[in-house]
Amino acid sequence: MYLSALQVKGFRLFKNSTTVKLHRGLNLLVGENGCGKSSVIDAVRILLNESEFFHRGLREEDFYQEYGVSTLPTLPISISGIFADLNDAQKIEYLTWLTPQFNAKLNVEYQYNVESRRMFKPKRWGGNSCNSIFDWEPLEDIQCVYLPALRDAERNLRSGRGSRLSRFITNLSADELAQRRKNHEKMPLENDVFQFNQTAADKEDIKRANELINRSLKNAVGAIFGQSTRIQFNELSYERIVESLQILFSKSIGCTELENFRNLSENSLGYNNLIYIATILAEFEGLKDRYTTPRILLVEELEAHLHPQLQIKLLKYLSQQALDYDIQVIITTHSTTLASVVPIDQIVSIHRAKDGALIIPIKDCGIDNTAKAFLDRWLDATKSALFFSKGNIFVEGIAETILIPKLAEAYLKQYATTHNIEISTLEDAGVSVINMNGIYFQYFTQLYNGYSICIPEQQEGEPKKDYEDRIKSLRQKSRFEDNEYAKTLALPVRCAVLTDNDPPNLVETYTDAETGKRTVFRWEQKPTKQEPIEGSNPQLYLLAQLANMTDNCRVFSNLKTFEYDLAIESHHNARLMLEILVAWTSTDGAIKATLLHYLDELEKEQNGESAEIDDTQMALDILHQADKLGKGLFAQLLCEKIDSTFIVPLYIAQSIQFILGLED
């Protein structure tokens with residue numbers, strides 16, 4: 001039994017009814033600030049009557065309020081939870097909550113009442129009928145623990161009434177404690193403390209202090225009015241004894257020597273958080289046999305105070321504990337590290353919408369199994385930034401990753417001279433540039449395109465090779481018929497793909513008539529805007545398919561490759577690139593002479609003199625020398641030289657227009 005869906009309406013930013021789909025085990029809620037992640041967590045707390053939120057109470061600002069409207073809220077707060085996969089015993093226990101589908105449904109509603117003195121009282125009911133009598137016992141059996149984002153683990157673990165540690169120990173011994181109270185017996189720990197009191201009271205220093213107090217008291221008020229005193233530890237109940245316990249820490253695993261333990265105030269914030277979470281998990285584990293009802297752990301910003309390696313270790317531990325002890329864990333995060341290590345099926349992406357939030361479980365985006373396996377392997381802390389972005393530009397390599405933001409800045413500065421825009425960089429717009437380290441775009445675009453291809457079965461007698469060719473041909477169609485695809489959910493942000501055209505090399509074979517020896521000649525093609533060449537990049541089919549099938553994704557391709565297109569776009573671009581290559585060419589050979597020749601000819605042209613420049617060969621030579629220098633280093637050096645006069649190639653300009661919504 002687990003919380004499979006949460007329906008929220010009228011709560012904070014949720015104006016309209018919004019459904020959050022959840023699953024067993026670990027659920028990771030990702031999204032930008034202010035999108036509603038914390039509101040989802042608090043909605044669960046309200047629904048399950050979680051103790052801290054119960055004591056805080058609902059506030060006026062928790063009701064949905066239109067911006068710019070000064071009138072009082074009119075919408076009630078309505079929250080419902082659907083619990084799925086009930087076993088037979090749970091169906092009996094939650095009988096009054098059952099729906100016709102044999103799920104358990106819990107509902108709570110708050111009406112805004114100006115005469116309530118801001119003390120808003122809930123109406124609760126189980127099942128579909130709000131007129132049914134509510135049974136509180138099943139709700140009280142649900143364990144729900146909440147860890148806030150700004151948690152003070154040291155304070156929560158400190159000794160005292162209601163501490164996490166005291167509740168944990170008291171719950172572990174609840175059955176024995178109840179039985180001994182029934183038989184008017186003391187707990188063993190109570191007897192131990194009583195014996196310790198007796199022993200301590202007989203110590204010489206304590207006896208001497210007691211005598212001095214009694215003598216002073218007698219001298220002060222006399223024998224008639226005087227009283228007697230005795231110094232000892234208080235005789236405490238079991239609950240009070242447990243409340244006085246505290247957790248200490250040692251930096252050595254397995255340490256038992258008391259002198260090596262320290263107070264939690266001497267520990268780091270991160271490790272105190274780990275101890276706090278471990279205490280909660282220990283409570284869940286220790287009480288697993290006493291509860292058959294859901295156990296839910298809500299954690300906001302698990303990454304707080306933890307370095308990346310500890311984030312990963314803790315998240316994997318929580319995931320395993322969730323499986324082993326049937327705990328449903330719901331975590332909010334801004335950490336790309338955490339988003340990169342969980343299976344994408346466990347990620348729920350939340351986005352701010354006009355009247356609330358848009359909830360997108362990644363598992364409902366129609367991603368095929370091949371793409372899912374690829375994304376689970378390849379999503380690292382850099383690529384998982386896509387879950388927190390307002391838009392994403394996917395590129396092939398490190399050079400594009402370095403230069404595209406700078407090129408966008410140059411382009412937007414030029415664009416602003418004729419258009420009124422406030423955005424000057426991709427960072428201003430919340431757009432990320434994601435390095436694929438290859439051409440794996442077809443896997444990532446499935447997160448955004450909103451459709452899933454319907455793969456037909458292999459026909460009887462159809463050879464495997466023919467079937468595979470048929471499926472490949474289907475996948476690469478430029479437009480699908482209605483029966484060839486299904487609509488799916490999609491991340492509601494734009495993605496642009498920048499990829500190379502990669503025209504194939506020309507191949508010519510020469511055979512010597514006398515010797516019969518065959519020689520194969522290969523040379524690179526040099527496309528131009530006037531004479532483009534069809535490319536061999538296997539991802540180019542996406543260019544037409546995405547343009548025809550979705551408004552969310554686009555592919556933009558160049559003439560040949562990134563560096564070639566930068567160089568051939570203008571002589572100004574080429575000059576900057578040549579200057580870098582000349583400065584970093586250490587030998588005075590033919591290569592450097594060629595580069596210097598190009599610079600000389602460009603200088604002549606700039607001075608109005610006659611110059612002979614083969615633009616395509618110059619761009620090709622720049623490409624080859626950039627490869628030799630290293631594309632990453634070359635990109636860093638070029639990034640320092642790019643200014644507002646640098647001419648951005650058309651395919652990059654179009655991608656910037658699309659990702660920022662400027663194409664109209």
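Residues numbered from 1 in each chain as written. Predicted model: local features only at pLDDT ≥ 70, side-chain atom pairs only at ≥ 80, totals over all residues. Heavy atoms only, no water.

We now examine the overall build of the protein. Within the protein, the secondary structure is distributed over 24 helices and 21 strands. In terms of overall dimensions, the protein is more spread out than a globule: its C-alpha atoms have a radius of gyration of 35 Å, far above the 26 Å expected for 664 residues. Overall size of the protein, expressed as C-alpha extent along the three principal axes, is 130 × 65 × 65 Å. Within the protein, the proportion of its 664 residues that are buried is 47%. Looking at the protein alone, contacts between residues at least 24 apart form 73% of all its contacts between residues at least 6 apart. Summing over all exposed atoms, the protein offers an accessible surface of approximately 34700 Å²; the carbon and sulfur share of this is 49%. In the protein, which carries 71 positive and 91 negative side-chain charges, the distance between the mean positions of the two groups comes to 8 Å. (Helix = DSSP H or I, 4+ residues; strand = E, 2+ residues; numbered from the N terminus. Rg over C-alpha atoms; globule rule 2.2 N^0.38 Å. Buried < 20%, exposed > 50% of the residue type's maximum accessible area, 1.4 Å probe, protein only. Contact = heavy atoms within 4.5 Å. Areas by Shrake-Rupley, 256 points an atom, 1.4 Å probe, with all protein chains shown as cover. Lys, Arg positive; Asp, Glu negative; His and termini not counted. Charge placed at Lys NZ, Arg CZ, Asp CG, Glu CD.)

What follows concerns the sheet that holds strand β14 (residues 391–395). With parallel pairing, four strands are arranged side by side in an open sheet as β15-β14-β18-β21. Edge strands, defined here as strands with exactly one partner in the open sheet, are β15 (431–435) and β21 (553–557). Going from strand to strand, the sheet's axes swing by 20° on average, the running direction of each strand aside. Relative to β21, strand β18 (residues 494–499) runs parallel, the two sharing five bridges. The residue of β21 that forms the bridge with L498 is F556. (Pairing = 2+ DSSP bridges. Axes fitted to C-alpha atoms, helices over the stretch in contact; angles between N-to-C directions.)

One finds L297, F387 and F394 to be the most contacted residues of the largest nonpolar core, which totals 63 residues. In this structure, F394 is in contact with L386, I434, M436, F441, F444, Y448, C495, A496, V497 and L498, ignoring residues within four places of it in sequence. (Core = buried A, V, L, I, M, F, W, Y, C linked by side-chain atoms within 4.5 Å.)

Along the chain, T499 falls in strand β18. Beyond its immediate sequence surroundings of up to four residues, T499 is in contact with E396, I439, F441, N537, L540, V555, F556, S557 and N558.

The subject of this paragraph is the pattern of salt bridges. Inspection of the entire model under this criterion finds 25 salt bridges. Between D62 and R12 there is a salt bridge, with its nearest N and O atoms 3.1 Å apart. You can see D62 sitting in the loop between α2 (51–56) and β4 (77–84) and its partner R12 sitting in the loop between β1 (2–9) and β2 (18–21), a full 50 residues away along the chain. Here R56 makes a salt bridge to D62, at a shortest N to O gap of 3.3 Å. One salt-bridge network, in which partners are shared between bridges, spans R12, D42, R45, E50, R56 and D62. (Salt bridge = Lys/Arg side-chain N within 4 Å of Asp/Glu carboxyl O.)

Taken as a whole, the protein shows an average pLDDT of 88; of its residues, 95% reach a score of 70 or greater. By mean pLDDT, helix α5 (residues 153–157) is the weakest element of the protein at 68, and β21 is the strongest at 98. (pLDDT = per-residue confidence, 0-100.)

Another point: the packing of helix α19 (residues 562–569) against helix α22 (residues 615–629). It is at 8 Å that the axes of α19 and α22 come closest, and there the two elements cross at 140°. Judged on the interaxial angle alone, α22 and α19 are oblique. By crossing handedness, the relation of α19 to α22 is classed as right-handed. Seen from α19, the contacting residues are E563, Y564, A567 and I568; seen from α22, they are D615, T616, A619, L620, I622, L623 and A626. Class assignment of the residues belonging to the contact of α19 with α22 gives a composition of eight nonpolar, one polar and two charged. (Parallel < 35°, antiparallel > 145°, perpendicular 65-115°, else oblique. Left-handed = near helix turned anticlockwise from the far one by under 90°. Nonpolar A, V, L, I, M, F, W, Y, C, P; charged D, E, K, R; others polar.)

Attention now goes to the packing of aromatic side chains. All chains considered together, the criterion is met by 17 aromatic pairs. A centroid spacing of 5.0 Å and a plane angle of 65° characterise the contact between Y94 and W97, whose relative ring orientation is edge-to-face. Taken as a pair, Y94 and W97 share a single burial class, namely buried. The interplanar angle of 85° and the centroid separation of 5.1 Å between the aromatic rings of F134 and W136 together place this pair among those described as edge-to-face. F134 gets classed as buried once you look at its relative accessible area, which sits at 14%. With a relative accessible area of 39%, W136 lands in the partly exposed category. Feature note: the residues F374, W378, F394, Y440, Y443, F444 and Y448 constitute an aromatic cluster, connected by ring pairs. Just above the ring of Y146 sits the side chain of R45; from NZ or CZ to the centre is 3.6 Å. Across from the ring centre of F102, 5.2 Å away, lies the NZ or CZ of K91, which sits over that ring. (Phe/Tyr/Trp six-rings, centres within 6.5 Å; stacked < 30°, edge-to-face > 60°. Lys NZ or Arg CZ within 6 Å of the ring centre and 35° of its normal.)

Of note, R12 is a non-glycine position whose phi angle comes to about 55°, a positive value. A positive phi angle is found at N437, which is not glycine, with a value near 55°.

A contiguous nonpolar patch, built from L506, Y510, F521 and W523 and spanning about 410 Å² of accessible area, is present on the exposed surface. Residue assignment for the nonpolar patch shows that the elements contributing at least two residues are β19 (506–511) and β20 (518–523). With respect to the helices and strands, the residue F521 is situated in strand β20. Residue classification places F521 among the partly exposed positions, given a relative accessible area of 42%. (Patch = residues over 30% accessible without salt bridge, like charges linked within 9 Å, V, L, I, M, F, W, Y side chains within 5 Å.)

Overall, mixed pairing links the six strands, which are arranged β7-β10-β11-β3-β12-β13 in an open sheet. What marks the edges here is a single partner per strand, and that holds for β7 (143–147) and β13 (356–361). With strand direction ignored, the average angle separating the axes of adjacent strands in the sheet is 20°. One ladder, built from five bridges, connects strand β10 (residues 295–300) with strand β11 (residues 328–333); its direction is parallel. Along β11, the bridge assignment pairs I296 with Q328. Helix-sheet contacts for helix α1 (residues 37–47) involve β3 (26–30), β7, β10, β11 and β12 (347–353), and the interaxial angle to β10 is about 150°.

Helical geometry note: an α-helix holds 3.6 residues per turn, so side chains three or four residues apart project in the same direction. Within helix α18 (residues 541–549), burial applies to Y541, L542, Q545, L546 and M549. Angularly, the buried residues of α18 cover 105° about the axis, an arc narrow enough to put them on a single face. Considering only its buried residues, α18 is in contact with α16 (441–444), β16 (451–453), α17 (464–475), β17 (485–487) and β21. (Arc of directions from axis to C-beta.)

Among the secondary structure elements, Q246 is positioned in the loop between α10 (238–243) and β8 (248–249). Taking the C-alpha atoms as reference, Q246 lies 6.0 Å from R158; in sequence the two are 88 residues apart. What Q246 contacts, discounting residues up to four positions off in sequence, is S159, L165 and N263.

Counting buried positions over the five residues of β3 gives five, a clear majority of the element. By the alternation rule, side chains of β3 split into L26, L28 and V30 and N27 and L29, which are all buried. Pairing of β3 with β11 involves five bridges; the strand directions are parallel. Note that in β11 the partner of L28 across the bridge is I331.

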